[in-house]
Amino acid sequence: MKNPIALGASQLSARIGARQILHGIDLQLPAGRWTSIVGPNGAGKSTLLKALAGLLPRAAVQGRVQLLGRALAQIPARERARQLAWLGQGEGVTDELTSYDIAMLGRLPHQAWLAPPDPADHAAVEQALRATHAWDWRQRPLSQLSGGERQRVLLARALAVQAPVLLLDEPLANLDPPHQTDWLHTMRTLVAAGTTVVSVLHEVSLALQADDMVLMAAGRVLHQGRCTAPATHAALEQVFGQRILVRHLQGMWVALPAFGRGQCAPPDAPPGVY
Ligand code: ADP
Ligand code: MG
């Protein structure tokens, strides 16, 4: 049976100041799957993600967004915050809060006004901090953490929401390779449990491990398809101007740099590849 739609956009346009950034986007993101959004810098990926999360000023957006079958604009803010968790690109947070308190911010939409956290909130925070391997420094303020460590705490905050839909803008920024692998496992576990994940990723090989891929350029969606589909691979190579090659390696699809004419190939490159 076909998955229901978790997030849908129809004729979605957005402008910042006088500039049109998104141009009439139609997009359906299936529930219980992981979709990665990929495209060059300035393609409009962050703007699209913000528009899908309802984070752009109303006046800047035209068109419709639906979250789990309802018009996003009509869902009350607290309810929306329980249904849709968000990790933004380069987010500023109060440095002096501890990692634990930052992760607990993810529980705010679940808590009654001024009520202290209950055992379910503490359990969700512990689970999230353990999932991102940030539990050991839960009492340290964010100001004392490295960029990658901070990013893991911010991811824990998004996970602590336990929302059915998770939107992540460049969640791997500053993460070292082992923690990128951990992140991949975390996403797979969430999706296996029914969560819908939508992530903007620059790490194309990791983006290819998602279920589906959306390719963007110049404020438009150029392609949407399965990450294993040849048409997706061709569109991916094209959106990056044939500067990457998608290849099957060790049972998975990966992106490699393409060495064009006039550029140096590695000395041991097999003949005919370049
Ligand atoms: P991406 O995430 O794909 O790199 P963005 O959605 O951040 O792209 O940006 C899309 C376009 O909108 C870019 O050309 C960028 O320069 C422009 N843009 C983004 N934010 C602003 C802003 N605050 N003011 C003006 N232009 C912006
Ligand atoms: Mg961006």
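Above this text sits the structure in question.
Source: prediction; values computed, not measured. (Residues numbered from 1 in each chain as written. Chains lettered and ligands numbered in written order. Predicted model: local features only at pLDDT ≥ 70, side-chain atom pairs only at ≥ 80, totals over all residues. Heavy atoms only, no water.)

J.: Which residues make up the overall build of the protein, and what values do they have?
T.: Along the backbone of the protein there are eight helices and twelve strands. Counting only C-alpha atoms, the protein reaches 65 × 45 × 45 Å along its principal axes. Each of the 274 residues in the protein was classed as buried or not, and the buried ones make up 48%. Counted over contacts in the protein with a minimum sequence separation of 6, partners at least 24 positions apart contribute 63%. For the protein, the accessible area works out to roughly 13900 Å², and carbon and sulfur atoms hold 55% of it. One way to put it: in the protein the 25 positive side-chain charges average out to a point 9 Å from where the 20 negative ones average out. (Helix = DSSP H or I, 4+ residues; strand = E, 2+ residues; numbered from the N terminus. Buried < 20%, exposed > 50% of the residue type's maximum accessible area, 1.4 Å probe, protein only. Contact = heavy atoms within 4.5 Å. Areas by Shrake-Rupley, 256 points an atom, 1.4 Å probe, with all protein chains shown as cover. Lys, Arg positive; Asp, Glu negative; His and termini not counted. Charge placed at Lys NZ, Arg CZ, Asp CG, Glu CD.)

J.: Can you break down the pattern of salt bridges residue by residue, with the values?
T.: Counted under the stated rule, the structure contains six salt bridges. A salt bridge links Glu 126 to Arg 130, with the nearest nitrogen and oxygen atoms 2.9 Å apart. With Glu 126 and Arg 130 both in helix α4 (residues 119-131) and four residues apart, the pair spans about one turn of that helix. By relative accessible area, Arg 130 is classed as partly exposed at 44%. (Salt bridge = Lys/Arg side-chain N within 4 Å of Asp/Glu carboxyl O.)

J.: Can you tell me about the coordination of the magnesium ion (ligand 2), naming the residues and giving the values?
T.: Donor atoms from the polypeptide that bind the magnesium ion (ligand 2) are Ser 46 (OG) and Gln 89 (OE1), placed at 2.1 to 2.5 Å. Taken together, the residues Ser 46 in helix α1 (residues 45-53) and Gln 89 in the loop between β6 (84-87) and α3 (99-105) connect sequence positions 43 residues apart. (Donors = N, O, S within 2.8 Å, 3.2 Å for Na, K, Ca; no water.)

J.: Provide a residue-level description of the nonpolar core, including the pertinent values.
T.: One finds Trp 34, Trp 183 and Leu 236 to be the most contacted residues of the largest nonpolar core, which totals 51 residues. Take this core: its biggest share by element is seven residues, from helix α5 (residues 147-160). One finds Ile 25, Leu 52, Leu 72 and Val 214 within the second-largest nonpolar core, a separate group that totals 30 residues. (Core = buried A, V, L, I, M, F, W, Y, C linked by side-chain atoms within 4.5 Å.)

J.: Help me get a handle on the site of ligand 1, residues and values and all.
T.: Near ligand 1 you find Ile 16, Arg 19, Ile 21, Pro 40, Asn 41, Gly 42, Ala 43, Gly 44, Lys 45, Ser 46 and Thr 47, and these make up its full shell. Separating an oxygen atom of ligand 1 from a side-chain N or O atom of Arg 19 is a distance of 3.0 Å. Secondary structure elements with two or more residues in the shell around ligand 1: β2 (19-30) and α1. Looking at the shell around ligand 1 element by element, the count peaks at three residues for α1. (Near = heavy atom within 4 Å. Polar contact = N/O pair within 3.5 Å; in protein donor to acceptor, adjacent residues only side chain to side chain.)

J.: Break down the sheet that holds strand β9 (residues 212-217) for me, with residues and values.
T.: Strands sit in the order β6-β7-β8-β3-β9-β10 across an open sheet of six strands; the sheet is mixed. For this open sheet the edge positions go to β6 and β10 (220-226), each flanked by a neighbour on one side alone. Pairs of neighbouring strands in the sheet enclose a mean axial angle of 15°, with direction left out of account. Against the sheet, α1 makes contact with β3 (34-38), β6, β7 (165-169), β8 (196-200) and β9, and its axis sits at roughly 155° relative to β7, the strand it touches most. (Pairing = 2+ DSSP bridges. Axes fitted to C-alpha atoms, helices over the stretch in contact; angles between N-to-C directions.)

J.: Provide a residue-level description of the side chain of Asp 212, including the pertinent values.
T.: Within the element layout of this structure, Asp 212 appears in strand β9. If sequence neighbours within four positions are ignored, Asp 212 has contacts with Pro 30, Arg 33, Trp 34, Thr 35, Ser 36, Gly 225, Arg 226 and Cys 227.

J.: So what about α4? Which residues, and what values?
T.: Helix length check: α4, at 13 residues, gives a terminal C-alpha distance of 18 Å against a target of 18 Å (1.5 Å per residue), a fit within 8%. Taken residue by residue, α4 has Asp 121, Ala 124, Val 125, Ala 128 and Leu 129 as its buried positions. Here the buried residues of α4 occupy an arc of 125° about the axis, which is enough to place them on one side. Away from its buried face by more than 90 degrees, α4 exposes Pro 119 and Gln 127. In this structure, the buried residues of α4 make contact with α3 and α5. Looking at where α4 begins, the residue whose side-chain oxygen comes 3.0 Å from the main-chain nitrogen of Ala 120 is Asp 118. (Expected span 1.5 Å × (residues − 1). Arc of directions from axis to C-beta.)

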